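Structural characterization, general
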Amino acid sequence: MDDLIRPVVVAPMAGGPSTPALVVAAARAGAVGFLAAGYKTPEAVEAELRAVRGESVAYGLNIFVPMGPLPDVAAVDRYRRLLQAEADRYGVDLPPVRLRDDDHFDEKVDLAVTYAPPLVSFAFGVPEKGVVAALRAAGSAVAITVTSPAEAEQALTAGPDVLIAQGGTAGGHSSTTSPAGYRGTTTAAQVLAGVRAVTGLPVIAAGGTGTAADVRDLLAAGAVGVQAGTVFLLADEAGTRPAQRAAMIDSGRRETVVTRAFTGQPARALRNRFTDEFSGAAPIGYPAVHHLTAPIRAAAAEQGDAEALNLWAGTGAGQARNAPAAAIVDSLTS
């Protein structure tokens, strides 16, 4: 964490918002920005790594740990049938249920070893000790995202340098390894306290942070840094889709909900028609559900229809504003 001149980490935001331009701008403002490897091909990840490395700035790379087999294939099949009406609405075909997908995990780890970004973080689980050792040998510090003290204890077995304590207030996917019972009711401060109680490792706090006061409070509570994502969604350098940008500035759309409707993994998003209609029926099943809804989300994005988009956002969504990333970093550290 020596590169963290300002105690702000720009969270990895998969699906488009995290761009090399955002990472570089954050770094030049004294923060650390993350490239998001999730959902991308290894070729796309390498292109972004090459682009950022060429700028000679501190940065991070986030990688999703593969989930195990689908816990209930029949439930995902039923959900697929339920989604048919949405597919018809947007004129798209639903793909068959994908029973297993590791998101090119091994290839992405190999890229991380090759490019050795200063910080590599993992979400959705704990990588094997050998993976962590290889990254550390290459020169990267390794962070693992956890949502509870029990998950922190499990993460410690892999030998990380840093833990990221993610509160339920965070936007986007929760890193929980217990999705069935996850409700997103914890704050960053609560998870930070619980994690610090089981380890002396440095801990970055994440979730619901959108103001300088939020950052100061979490630093005072013992965090070495504060990870923020939602407040950067409207940054000039972010790759946030136009429909989400419009939704984020809609003063009538501030409520967020935790839902599995889009991906099968609990994630916090702005409430819309899709979350209202499908949250109750959505099964556990990342990334199978993610692949099922992808054509619907793509069509909705093309039409500028925010009602069927995964509008990932945390409880600090109202703090997001159109501005250069450097100005947002300034606002969090003033």
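Right above here is the structure, for reference.
The text that follows walks through the structure, step by step, so that each part is easy to find. These numbers were taken from a predicted model, which means no experiment stands behind them. (Residues numbered from 1 in each chain as written. Predicted model: local features only at pLDDT ≥ 70, side-chain atom pairs only at ≥ 80, totals over all residues. Heavy atoms only, no water.)

**Some points on the overall build of the protein**
- Each helix and strand counted, the protein has 13 helices and 11 strands in total.
- Structurally, the protein occupies a C-alpha span of about 50 × 45 × 40 Å along its principal axes.
- For the protein, with 334 residues in total, the buried portion stands at 56%.
- The contacts in the protein between residues at least 6 apart in sequence include a share of 67% that link residues at least 24 apart.
- Carbon and sulfur atoms make up 50% of the accessible area of the protein, which totals about 12,800 Å².
- Between the averaged position of the 27 positive side-chain charges in the protein and that of its 33 negative side-chain charges there is a distance of 3 Å. (Helix = DSSP H or I, 4+ residues; strand = E, 2+ residues; numbered from the N terminus. Buried < 20%, exposed > 50% of the residue type's maximum accessible area, 1.4 Å probe, protein only. Contact = heavy atoms within 4.5 Å. Areas by Shrake-Rupley, 256 points an atom, 1.4 Å probe, with all protein chains shown as cover. Lys, Arg positive; Asp, Glu negative; His and termini not counted. Charge placed at Lys NZ, Arg CZ, Asp CG, Glu CD.)

**Let's talk about the packing of aromatic side chains**
- Considering all chains together, one arrives at nine aromatic pairs under this definition.
- Here Tyr39 and Phe64 contribute two aromatic rings whose centre-to-centre distance is 5.9 Å and whose plane-to-plane angle is 80 degrees, an arrangement assigned as edge-to-face. Residue Tyr39 is located in the loop between strand 2 (32-36) and helix 2 (42-53), and its partner Phe64 is located in strand 3 (residues 59-64); the two are separated by 25 residues in the primary sequence.
- Owing to a relative accessible area of 26%, Tyr39 belongs among the partly exposed residues under this scheme.
- Here Phe64 falls in the buried class, since its relative accessible area comes to 9%.
- Between the aromatic rings of Phe262 and Trp312, the centroid separation amounts to 5.8 Å while the plane-to-plane angle is 90 degrees, which identifies the pairing as edge-to-face. (Phe/Tyr/Trp six-rings, centres within 6.5 Å; stacked < 30°, edge-to-face > 60°.)

**Regarding a negative patch on the surface**
- On the surface, Glu43, Asp102, Asp106, Glu107, Asp110 and Glu128 cluster together into a patch of negative charge.
- For the negative patch, the element with the most residues is helix 5 (residues 105-115), which contributes three residues.
- Looking at the element boundaries, Asp106 is found in helix 5. (Patch = residues over 30% accessible without salt bridge, like charges linked within 9 Å, V, L, I, M, F, W, Y side chains within 5 Å. Salt bridge = Lys/Arg side-chain N within 4 Å of Asp/Glu carboxyl O.)

**Quick word on the sheet that holds strand 1 (residues 8-10)**
- Read around the closed barrel, the eight strands follow the order 1-2-3-4-5-6-8-9; overall the barrel is parallel. Neighbour-to-neighbour, the strand axes of the sheet open up by a mean angle of 25 degrees, direction not taken into account.
- Where strand 1 and strand 9 (residues 225-228) come together, three bridges link them in parallel fashion. Bridge pairing links Val10 to Ala228 in strand 9.
- Docked against the sheet, helix 1 (residues 20-28) engages strand 1, strand 2 and strand 3, running at close to 165 degrees with respect to strand 2. (Pairing = 2+ DSSP bridges. Axes fitted to C-alpha atoms, helices over the stretch in contact; angles between N-to-C directions.)

**What to know about the nonpolar core**
- Core analysis: the largest hydrophobic core is formed by 95 residues, its most contacted members being Ile63, Phe122, Phe232 and Phe274.
- Within the second largest apolar cluster, nine residues are counted, among which are Ala141, Ala143, Val162 and Ile204. (Core = buried A, V, L, I, M, F, W, Y, C linked by side-chain atoms within 4.5 Å.)

**Observations regarding the environment of Gly184**
- Along the chain, Gly184 falls in the loop between strand 7 (172-173) and helix 8 (188-196).
- Each C-alpha atom, one on Gly184 and one on Ala85, is 29 Å from the other, the two residues being 99 residues apart in sequence.

**Re the side chain of Arg268**
- Within the element layout of this structure, Arg268 appears in strand 11 (residues 267-270).
- Buried charge without a salt bridge: Arg268, with Glu255 as the nearest opposite-charge side chain at an N-O distance of 8.1 Å.
- Separated by 2.9 Å, the side chain of Arg268 and the backbone oxygen of Gly184 make a polar contact. (Polar contact = N/O pair within 3.5 Å; in protein donor to acceptor, adjacent residues only side chain to side chain.)

**Considerations on the sheet that holds strand 11**
- Spatial strand order, 7-11-10: three strands in an open sheet with antiparallel pairing. Here the strands that pair on one side only, and so sit at the sheet edges, are strand 7 and strand 10 (256-259).
- Sheet topology note: the strand 7/strand 11 ladder contains two bridges and is antiparallel. By the bridge assignment for strand 11, Gly172 is matched with Arg268.

**Structural notes on the pattern of salt bridges**
- For the coordinates displayed, the defined rule picks out 13 salt bridges.
- Here Arg273 makes a salt bridge to Glu86, at a shortest N to O gap of 2.8 Å. Taken together, the positions of Arg273 in helix 11 (residues 273-278) and Glu86 in helix 4 (residues 84-90) put the pair 187 residues apart, joining distant regions of the chain. Pair check on accessibility: Arg273 and Glu86 agree, each one buried.
- Judged by relative accessible area, which is 16%, Arg273 ranks as buried.
- The network of salt bridges with common partners includes Glu86, Arg89, Arg273 and Glu277.

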